[in-house]
Amino acid sequence: MTDQDVLNHARYIFTTGRIIHDRIMRISTGACMSTNKHDRFGELSAPQMNMLMMIRVRETVSVTELAALLNVSPPSVSAMVDRLVERGLLTRVPSDLDRRKVVIRVSPEALEDIARVEGMILGSFVELVEAVGPETTQKWCEVLQQIKQVLENKSLPV
């Protein structure tokens, strides 16, 4: 494969990944905007929703770890966490491993709201899987499995 082929394939993968990402963000942001703005989950911004999903996947995370994951400063993360704690979406609790440290978790009440949004996103992927058919879906899963292994086993530059 030539350097130009590699570049063209990389560009195609990037732009298609961006389309998928944008679809997920539209669904999650739409779900947040469609709830009553006085609800805990109403009118969340895309960065707030992204933070909630990131914490939910990891279950517990420190402010420093979250700042590194989001590529923002710890004070910025701390301010956003404060707002989400006030809304009842996150909790700050002592770490099970080190009581001197505080970790952040999604509140039990918010888990139901997040599950609803994840269900909407999953539904969108079900439609996509049905539209592309079983053979393409199988190939897609095989490719994603290889990508996942590379990303988990190799530290690619950020």
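Residues numbered from 1 in each chain as written. Predicted model: local features only at pLDDT ≥ 70, side-chain atom pairs only at ≥ 80, totals over all residues. Heavy atoms only, no water.

**Student:** Even after reading the chapter, I still don't get the nonpolar core, so can you show me in this structure?
**Tutor:** Considering soluble globular proteins, one finds that nonpolar side chains tend to be buried as a cluster. Counting residues in hydrophobic clusters, the biggest one holds 25 residues, and the most contacted among them are M51, L52, I55, L66, L84, L90 and I104. Put simply, the parts of the chain that give this core at least two residues each are α1 (3-34), α2 (46-58), α3 (63-70), α4 (74-86), β2 (102-106) and α5 (108-153). Considering each element in turn, this core owes the most residues, 6 residues, to α2. In contact with I55, not counting residues within four places along its chain, are T60, V61, L66, L90, I104, R105 and V106. (Core = buried A, V, L, I, M, F, W, Y, C linked by side-chain atoms within 4.5 Å. Buried < 20%, exposed > 50% of the residue type's maximum accessible area, 1.4 Å probe, protein only. Helix = DSSP H or I, 4+ residues; strand = E, 2+ residues; numbered from the N terminus. Contact = heavy atoms within 4.5 Å.)

**Student:** Teacher, can you tell me more about α4 here?
**Tutor:** Residues separated by three or four positions in an α-helix point in the same direction, a consequence of the helix having 3.6 residues per turn. Between the first and last C-alpha of α4 there are 18 Å, a value that for 13 residues agrees with the 18 Å anticipated at 1.5 Å per step. Restricting attention to buried positions, one finds in α4 the residues V77, M80, V81 and L84. End-on, the buried residues of α4 take up no more than an arc of 105°, which puts them together on one face. Among the exposed residues of α4, those pointing more than 90 degrees away from its buried face are P75 and E86. Buried-residue contacts for α4 involve α2, α3, β1 (90-94) and β2. Positive backbone phi, approximately 80°, marks G88, located one or two places after α4. (Expected span 1.5 Å × (residues − 1). Arc of directions from axis to C-beta.)

**Student:** Whenever I open this one, the layout of surface pockets confuses me. Can you help?
**Tutor:** Size it by volume and the largest pocket reaches roughly 1100 Å³. Lining the largest pocket are 21 residues, and of these G17, I20, W140, L144 and I147 sit closest to its centre. In terms of residue count, α5 provides more of the lining of the largest pocket than any other element does, 12 residues in total. In terms of residue class, the lining of the largest pocket is built from 13 nonpolar, 5 polar and 3 charged. In this model, the second largest pocket occupies a volume close to 320 Å³. Lining the second largest pocket we find 13 residues, and of these H21, M25, N50, M53 and M54 sit closest to its centre. Every element with two or more residues in the lining of the second largest pocket is listed here: α1 and α2. The leading source of residues in the lining of the second largest pocket is α2, at 8 residues. When grouped by side-chain class, the residues that make up the lining of the second largest pocket number 9 nonpolar, 3 polar and 1 charged. (1 Å grid on protein atoms, 1.4 Å probe; cavity = no way out; pocket = protein on both sides within 12 Å on 5 of 7 lines; lining within 4 Å. Points joined across faces, edges and corners; volume = space filled by probe spheres on them. Nonpolar A, V, L, I, M, F, W, Y, C, P; charged D, E, K, R; others polar.)

**Student:** What's the story with unusual backbone geometry in this structure? I'm lost.
**Tutor:** The backbone of E59 sits at a positive phi, close to 70°, despite the residue not being glycine. Counting through the fold element by element, E59 comes out in the loop between α2 and α3. Even without glycine at this site, N71 takes up a positive phi of about 60°. As for its position among the elements, N71 is in the loop between α3 and α4. A relative accessible area of 67% means that N71 is categorised as exposed.

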